[in-house]
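Chain by chain, the residues run as shown.
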Amino acid sequence: MSFAGWILKIDNMLWATPLIVLTFGSAVLFCIFMKFGNVTKAKLQWKLLTSGSGSQEGISPFETFCSVAAYRVAVGNIGGVMVAIMYGGPGAVFWMIITALVTSAIAYAENSLGQIYKVRMDGQYRGGPYFYMERGIPIKALGKIMALLFAVFATVGVPLLVTGPSANNIAMAFENSFGVSPLISGAVVAVLLFLVISGGVRRIAKFSTIIVPFMTIGYLIVTVIVLVGHAGAIPSTMTMMVGSAFNTHAIFGGMIGGAFSYGVKRAVNSSGSGFGETPPSAAAAETPHPATQGMVNAFSVYIDVAVCFCSGIMALVTDCFNVLGPDGVAYMHIGEGSQVMTAQAASNTAGVVWVQEAANSVMPGIGGALIAIALTCFAYSTCIAYYYEGESGLAYLMRNSSEKSRKAVIWAIRIIMPIFFFIWANVTAGTAWAISEIMFALMAWFNLIALLFVAPTVKKVYDDYMAQRKAGVKEPYFNPQKLGIKNCDVWMEINKERIEQDKESV
């Protein structure tokens, strides 16, 4: 078996039914803990998103939200959706949306935990799964081992290996629309990547607040134009998507298993909920209560849902999609919306090209170019966010070293990551996706198991926050000692004045 074959086999083993059940089951558990507040309190989430400010040690909730959204809105929201359609049929889009909404509860859990167990290091807040594994899991030895391994995954795997699909899809999009060689596009974007990550978390946050709103609104506008151009096909497309999801469609009705499994897999890969990607950015925020940032970052899943739906509906409504049959050999459907779809089927390829052709059906040439630019923004901002996760993992691994040593190694990653990005831009798409998914699967297994261990803490903090709001407290604050939560002493300093005021009033 070839190297690519082995990689694909390992990927399929890790992303088998047990992980899908663990992900969906954990999501439902946290939804129950939150009384489904992750989807019913959108008004509160928006209010929290637009309030608060940064400090010398932390960034604002909005800056953190944009940094987290940069993780979520990535090539998976375009290319990943096409992969889901190819293997799971149109119904996979429906299950992607449902899964993303449900797993926003996991997003709340992991991001609030990133805040709960954060520390001060080198003049800024640091946090992430490794901190809540070490400090929150009751079985200390297990927590330390899990934290160490996860930190290695985050430090090496995320900035160096997970960037593969982003680099590859950027190269593919520019080659398809502009005829630019991957060697050139890979090199240019690698240099631009270095220019932002070299400024650390503050430059990353500032950049994210600019690019995330711009790229999301621009993508929505392109989608509206495509839908207007194919308005007559919208009702039948929606019927096909829902029918495929529930086993009632004439052609794709027998694909409910594939639709659900690929919908869940691609949704989790797209939003990153459960991977432990976003807690480092969440921990960097300045806030008086961990639940605040948990709620804000759970809200970012809505952006992920919107972009995924835009990608899926554009491909489906224009018939620029292919569906591979259950045998993995013959195609059940080859799209007639573009001549390119026949060539895509012949090479068993699914990716951004489908959406480019969908946009070209309304705006010939220009549409594909706009999608290429949108994809570049998505992938570029995501890679920047990936870098920060790697930096945070490294900071944890070197937490007992000197500040000078940490900064030296961090600069090494800032140089090495763009080099790897360039390399990934020039390899096959299938290998890039598979290696990325293997790393994400490993992180998901570790992080989701850790979340189950600390689930009582998540519920306790959420209930405390909501109880304070119900009691009329305008700005709830966190007192870990009052809740009996250990190993998060930094909060006793952050909320020192309010805690002292409470003691005096008793």
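Our structure is the block above this text.
This one's a predicted model, so the numbers in the text were calculated from it and none came from an experiment.

Engineer: Sorry if this is basic, but what is going on with the overall build of the chain here?
Structural biologist: In terms of regular secondary structure, the chain is built from 26 helices and four strands. A compact globule built from 506 residues would reach a C-alpha radius of gyration of about 23 Å, and the chain, at 22 Å, matches this within 12%. For the chain, the spread of C-alpha atoms along the three principal axes comes to 75 × 45 × 40 Å. Per-residue burial for the chain yields a buried fraction of 60% across its 506 residues. Long-range pairs, those at least 24 residues apart, make up 79% of the contacts in the chain with a sequence separation of at least 6. When the accessible surface of the chain is summed, it comes to about 18800 Å², and 67% of that surface belongs to carbon and sulfur atoms. Computing the positive centroid from 32 side-chain charges and the negative centroid from 27, the chain places the two 8 Å apart.

Engineer: How do you make sense of the nonpolar core when you look at a structure like this?
Structural biologist: Within soluble globular proteins, side chains that are nonpolar generally end up buried alongside one another. Core analysis: the largest hydrophobic core is formed by 164 residues, its most contacted members being F30, I85, Y108 and Y219. If near-sequence neighbours (up to four positions away) are discounted, Y108 is found in contact with M34, A291, G294, M295, A298, V458, V461 and Y462.

Engineer: Sorry, what's going on with the pattern of salt bridges here?
Structural biologist: Any two side chains of opposite charge can pair if their charged atoms end up close together. Counted under the stated rule, the structure contains eight salt bridges. Notably, a salt bridge pairs E391 with R414, separated by 3.4 Å at the nearest N-O pair. One end of the pair, E391, is in helix α20 (residues 366-397); the other, R414, is in helix α21 (residues 403-424), and 23 residues separate them in sequence. The buried category is assigned to E391, whose relative accessible area is 3%. Note that E403 is salt-bridged to K407, the shortest N-O span being 2.9 Å. On the criterion of helical spacing, the pair formed by E403 and K407 is a turn pair, its members being four residues apart in helix α21. Note on E403: relative accessible area 35%, which makes it partly exposed. With relative accessibility at 45%, the residue K407 sits in the partly exposed group. Among the ionic contacts, a cluster of salt bridges with common partners joins R126, E391 and R414.

Engineer: Could you clarify how one ought to interpret the packing of aromatic side chains in this entry?
Structural biologist: The relation between two aromatic rings is expressed through the spacing of the ring centres and the mutual angle of the planes. Under the counting rule described, the total for this entry stands at 16 aromatic pairs. Measuring from centroid to centroid gives 5.2 Å for F174 and F178, while their planes differ by 40°, and the two rings are tilted. Taken as a pair, F174 and F178 lie in helix α11 (residues 164-178) at a separation of four residues, close to a single helical turn. Measuring from centroid to centroid gives 4.5 Å for F275 and F440, while their planes differ by 15°, and the two rings are stacked. Residue F275 is found in the loop between α15 (256-271) and α16 (279-283), and its partner F440 is found in helix α22 (residues 429-453); the two are separated by 165 residues along the sequence. Each member of the pair, F275 as well as F440, carries the same accessibility label: buried.

Engineer: Please clarify how the environment of F153 should be interpreted in this entry.
Structural biologist: Among the structural elements, F153 can be located in helix α10 (residues 140-162). Take F153: its relative accessible area is 16%, and that puts it in the buried class. Considered as a pair, F153 and G390 are 237 residues apart in the sequence and their alpha carbons are 8.5 Å apart. Residue contacts for F153: discarding those within four places in its chain leaves V158, M439, L442, M443 and F446.

Engineer: Help me understand unusual backbone geometry in this model?
Structural biologist: What is expected of a backbone is that most residues other than glycine have negative phi and most peptide bonds are trans. Within the chain, F36 stands out as a residue other than glycine whose phi angle is a positive 60°. Considering the arrangement of structural elements, one finds F36 in the loop between α2 (17-33) and α3 (37-40). By relative accessible area, F36 is classed as partly exposed at 43%. Phi at N348 is positive, roughly 50°, even though this residue is not glycine. In this structure, N348 sits in the loop between α18 (340-346) and α19 (352-360). When its relative accessible area of 44% is taken as the criterion, N348 is described as partly exposed.

Engineer: Teacher, can you tell me more about the pairing of strand β4 (residues 331-334) here?
Structural biologist: Across a regular strand the side chains alternate sides, sitting on one face of the sheet and then on the other. Here strand β3 (residues 322-324) pairs with β4 via three bridges, running antiparallel. Looking across to β4, one finds that L324 is bridged to Y331. The antiparallel pairing of β3 with β4 creates a hairpin that spans six residues between the two strands, and G328 there sits at a positive phi of about 75°.

Engineer: I keep staring at α11 and nothing clicks. Help me out?
Structural biologist: Owing to its 3.6 residues per turn, the α-helix brings residues three or four apart onto one side. Taking 1.5 Å per residue, 15 residues should reach 21 Å; α11 reaches 21 Å between its end C-alpha atoms and fits that length. Burial runs high along α11: eleven of the 15 residues are buried. The complete set of buried residues in α11 reads G164, P165, S166, A167, N168, N169, I170, A171, M172, A173 and F174. Following α11 by one or two positions, G179 has its phi on the positive side, about 70°.

Engineer: What is the right way to read the side chain of T278 from this model?
Structural biologist: Tracing the chain through its elements places T278 in the loop between α15 and α16. Within polar-contact distance, the side chain of T278 engages the side chain of N111 at 3.0 Å.

Engineer: Just checking my understanding: could you explain the environment of P288 for this structure?
Structural biologist: Following the sequence through the fold, P288 ends up in the loop between α16 and α17 (290-317). The exposure class of P288 is buried, given its relative accessible area of 18%. Measuring from C-alpha to C-alpha, the distance between P288 and Q115 comes to 9.9 Å, with 173 residues separating the pair along the chain. Excluding anything up to four places from it in sequence, P288 contacts E475, P476, Y477, F478, W491 and N495.

Engineer: Hey, could you run me through the state of the cysteines in this one?
Structural biologist: Here a disulfide denotes one covalent bond, and it connects the sulfur atoms of two cysteines. Inspection of every chain in the model, using the stated rule, returns zero disulfides. Here C320 stays free of any disulfide, with the sulfur of C310 as its closest cysteine sulfur at 16 Å.

Engineer: Explanation requested: the packing of α20 against α21 in the structure shown.
Structural biologist: The angle between the axes and the distance between the axes are what describe a pair of packed helices. It is the contact of α20 with α21, at a shortest axis distance of 10 Å, that shows an interaxial angle of 145°. Read as a crossing pair, α20 and α21 show a hand that is right-handed. Touching C383, Y386, Y387, G390, E391, L394 and A395 of α20 are R406, V409, I410, I413, R414, M417 and F421, all from α21. Its residues assigned to classes, the contact of α20 with α21 shows ten nonpolar, one polar and three charged.

What counts as what
Residues numbered from 1 in each chain as written. Predicted model: local features only at pLDDT ≥ 70, side-chain atom pairs only at ≥ 80, totals over all residues. Heavy atoms only, no water. Helix = DSSP H or I, 4+ residues; strand = E, 2+ residues; numbered from the N terminus. Rg over C-alpha atoms; globule rule 2.2 N^0.38 Å. Buried < 20%, exposed > 50% of the residue type's maximum accessible area, 1.4 Å probe, protein only. Contact = heavy atoms within 4.5 Å. Areas by Shrake-Rupley, 256 points an atom, 1.4 Å probe, with all protein chains shown as cover. Lys, Arg positive; Asp, Glu negative; His and termini not counted. Charge placed at Lys NZ, Arg CZ, Asp CG, Glu CD. Core = buried A, V, L, I, M, F, W, Y, C linked by side-chain atoms within 4.5 Å. Salt bridge = Lys/Arg side-chain N within 4 Å of Asp/Glu carboxyl O. Phe/Tyr/Trp six-rings, centres within 6.5 Å; stacked < 30°, edge-to-face > 60°. Pairing = 2+ DSSP bridges. Expected span 1.5 Å × (residues − 1). Polar contact = N/O pair within 3.5 Å; in protein donor to acceptor, adjacent residues only side chain to side chain. Disulfide = S-S within 2.5 Å. Axes fitted to C-alpha atoms, helices over the stretch in contact; angles between N-to-C directions. Left-handed = near helix turned anticlockwise from the far one by under 90°. Nonpolar A, V, L, I, M, F, W, Y, C, P; charged D, E, K, R; others polar.

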